[in-house]
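Results of the structural survey
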Number of protein chains: 2
Amino acid sequence: MSADNTSQQINKTIRKDVEKIVDKCDIEDICAQCDAASNKTVSYCRCWKSKKFPFCDGSHNAWNKETGDNVGPLVITKKQA
Amino acid sequence: MSADNTSQQINKTIRKDVEKIVDKCDIEDICAQCDAASNKTVSYCRCWKSKKFPFCDGSHNAWNKETGDNVGPLVITKKQA
Ligand code: FES
Ligand code: FES
């Protein structure tokens, strides 16, 4: 990689000591988190700016405003009975 | 935003006509996808390079190699009975 390519890294801050950040979740655990949330929803960060990574904390909005980007979270919802 | 900030966008190609890309999934549907997969797993892209976005197609590996980044997918697995 060249120095120029390095500047393109989309993750600047999160766990840079790790070679590749893969977050593994059990669907059963996500289901329990949905149940516990008032909106029955769990949001996962895809902008690499969240202070609650791997969860979304809304930081994508400042990022989009600053750069004109259009990134946002993966939102997992439980269907209401 | 300045021209310099614009160059930092982490999503260069996916649905740039949309103001903010938020993918909403029902946990029940993810569960069915896990069941259908031989490894009981569904992987969601967080590098914005996948040709199967919102799903991971392994493109993060080329990105990491090219830029020295360390991004990877969110992997959702169903516990085996
Ligand atoms: S904070 Fe990263 S997608 Fe919301
Ligand atoms: S292709 Fe984007 S995280 Fe795997």
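Note that this is a predicted model, so its numbers are computed, not measured.

1. Some remarks on unusual backbone geometry
Residue and element names in this part refer to chain A. Of note, the bond from F53 into P54 is cis; its omega dihedral lies within 30 degrees of zero at 15°. Along the polypeptide, P54 turns up in the loop between β2 (41–44) and α3 (59–67). Of note, the phi angle at R15 is positive, near 40°, even though the residue is not glycine. Relative to the helices and strands, R15 resides in the loop between α1 (3–6) and β1 (23–26). In this structure R15 comes out as partly exposed when scored by relative accessible area, which is 44%. Phi angles above zero are rare outside glycine, and W48 is one such case at about 65°. Note on placement: W48 falls in the loop between β2 and α3. Overall, W48 belongs to the buried group, its relative accessible area being 0%.

2. Description of the interface of chain B and chain A
Each partner contributes residues to the interface: chain B has 51 residues there, and chain A has 51 residues. Both sides of the chain B and chain A interface together cover about 4,100 Å² of buried area, and 55% of this is carbon and sulfur. When the buried surface of chain B facing chain A is broken down by residue, I27, R46 and N70 of chain B rank first, second and third, together holding 18% of it. Put simply, chain B and chain A have seven salt bridges between them. A salt bridge links D23 of chain B to R46 of chain A, with the shortest nitrogen-to-oxygen separation between them at 2.8 Å. For the pair chain B and chain A, the number of links is 46 residue pairs in polar contact (both at pLDDT 80 or more). Of all the elements in the fold, those that place two or more residues in the side of chain B that touches chain A are α1 (3–6), β1 (23–26), α2 (27–36), α3 (59–67) and β3 (74–77) of chain B. The element contributing the most residues to the side of chain B that touches chain A is α3 of chain B, with seven residues.

3. Here we look at α2 of chain B
Listed as buried for α2 of chain B are I27, I30 and C34 of chain B. Within α2 of chain B, the buried residues cover an arc of 60° as seen down the axis, which keeps them to one side. For α2 of chain B, the secondary structure elements touched by its buried residues are α2 (27–36) and β3 (74–77) of chain A together with β1, β2 (41–44) and β3 of chain B.

4. Looking at the packing of aromatic side chains
All names here are of chain A. This model, assessed by the stated rule, comprises four aromatic pairs over all chains. Ring geometry for Y44 and F55: centres 5.2 Å apart, planes at 35°, overall tilted. Separated by 11 residues along the polypeptide, Y44 in strand β2 and F55 in the loop between β2 and α3 bring together distant segments of the chain. Assessed through its relative accessible area of 3%, Y44 is described here as buried. You can call F55 partly exposed: its relative accessible area is 29%. The cationic tip of K49 hangs over the ring face of W63; the distance from NZ or CZ to the ring centre is 4.2 Å.

5. Digging into the nonpolar core
Side chains of a nonpolar character, in soluble globular proteins, are inclined to be buried together. Ranked by size, the top nonpolar core spans 19 residues in total, and within it I10 and W48 of chain A together with I10 and W48 of chain B carry the most contacts. Residue contacts for I10 of chain A: discarding those within four places in its chain leaves C47, W48 and K49 of chain A together with I10, R46, C47, W63, D69 and V71 of chain B. Of all hydrophobic cores here, the second largest spans 16 residues; its members include C25 and I27 of chain A together with C25 and I27 of chain B.

Rules used in this analysis
- Residues numbered from 1 in each chain as written.
- Chains lettered and ligands numbered in written order.
- Predicted model: local features only at pLDDT ≥ 70, side-chain atom pairs only at ≥ 80, totals over all residues.
- Heavy atoms only, no water.
- Helix = DSSP H or I, 4+ residues; strand = E, 2+ residues; numbered from the N terminus.
- Buried < 20%, exposed > 50% of the residue type's maximum accessible area, 1.4 Å probe, protein only.
- Contact = heavy atoms within 4.5 Å.
- Buried area = accessible area lost by both parts, 1.4 Å probe.
- Salt bridge = Lys/Arg side-chain N within 4 Å of Asp/Glu carboxyl O.
- Polar contact = N/O pair within 3.5 Å; in protein donor to acceptor, adjacent residues only side chain to side chain.
- Arc of directions from axis to C-beta.
- Phe/Tyr/Trp six-rings, centres within 6.5 Å; stacked < 30°, edge-to-face > 60°.
- Lys NZ or Arg CZ within 6 Å of the ring centre and 35° of its normal.
- Core = buried A, V, L, I, M, F, W, Y, C linked by side-chain atoms within 4.5 Å.

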